[in-house]
Amino acid sequence: GPTPKAIEEMGSKILARQKMAEVGIPVVPGWTESIASPQEAVAIAARIGYPVMLKAAAGGGGRGLRICRNDEELIRYFPIARSESMTAFGDSTVYLEKYLVAPRHIEFQILADHHGHVIHLGERDCSIQRRHQKLVEIAPSLFLDESLRQKMGEISVRAARAVGYTNAGTIEFLVDHERNFY
């Protein structure tokens, strides 16, 4: 399986965002540090621009996640997101990123060995979701053209190499309506 270092770096969304940005891989615009208070979150959201997503750093599956469209929602949802995050993951750390309206959720399956060889096996579109959980996977994605598919596949391989990933895994992307991917 993956090394403990790769699991640690990719298990925390904050560390994963920092690592990917460090090696030049595009991440959704946002904040790459833990946010301690609703007031700090409001100041950061002013820089990012609403709407934003308040997210659990240790989370997934929609837990500890809130879409905030203004200061009032961010202040109201901040303690809720932290509480959900603590309950679900044992960690109340949250961060902010720009909310992408109606993005495509594209995943690339990768395989990596202990000798630095990494390949991708193509993508699947997991955009049909309910409560932030995929319901249907479509492979290959009908949304991607060949150029975008090639770029995202290359980035998937670079991302896996950047953390020394080994074994099978998934590199996940969000693609906005202008075909920017993160």
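Our structure is the block above this text.
Just so you know, the residues in each chain are numbered from 1, in the order the chain's sequence is written. Only residues with pLDDT of 70 or above have their local features reported here, since the model is predicted, and side-chain atom pairs are shown and tallied only from 80 upward, although totals for entire chains, interfaces and linings are computed over all residues. Based on all heavy atoms of the structure, the side-chain values leave hydrogens and waters out of the count.

(A) Here's a closer look at the overall build of the chain. Counting its secondary structure elements, the chain contains five helices and eight strands. For the chain, the spread of C-alpha atoms along the three principal axes comes to 45 × 35 × 30 Å. Only protein chains enter the area calculation, which uses a 1.4 Å probe; residues under 20% of their type maximum are buried, those over 50% are exposed, and those in between are partly exposed. For the chain, the residues scored as buried account for 40% of the 182 residues in total. The criterion used for residue contact is that any of the two residues' heavy atoms lie within 4.5 Å. Long-range pairs, those at least 24 residues apart, make up 58% of the contacts in the chain between residues at least 6 apart in sequence. The numbering of helices and of strands both runs from the N terminus, where a helix is a DSSP run of H or I of at least 4 residues and a strand a run of E of at least 2.

(B) How the structure looks around the environment of Gly 60. Take Gly 60: it is sitting in the loop between strand E1 (52–56) and strand E2 (66–68). Exposure remark for Gly 60: the relative accessible area of 28% places this residue in the partly exposed category. As a C-alpha pair, Gly 60 and Lys 13 span 47 residues in sequence and 9.3 Å in three-dimensional space. Filtering out sequence-adjacent residues up to four positions away, Gly 60 remains in contact with Lys 13 and Phe 89.

(C) Region of the structure containing the packing of helix H3 (residues 38–48) against helix H4 (residues 71–89). One way to put it is that H3 packs onto H4 with a least axis distance of 9 Å and a crossing angle of 145°. Taken as a pair, H3 and H4 cross one another with a handedness that is right-handed. When H3 is examined against H4, the residues Pro 38, Ala 41, Val 42 and Ala 45 are found in contact with a partner set consisting of Asp 71, Leu 74, Ile 75 and Phe 78. Whenever a helix is involved, its axis is fitted only over the stretch in contact; in every case the axis is a line through C-alpha atoms, and angles between N-to-C directions fall within 0 to 180 degrees. Two helices cross in a left-handed way if the nearer one is turned anticlockwise from the farther one by less than a right angle. They cross in a right-handed way if the turn is clockwise.

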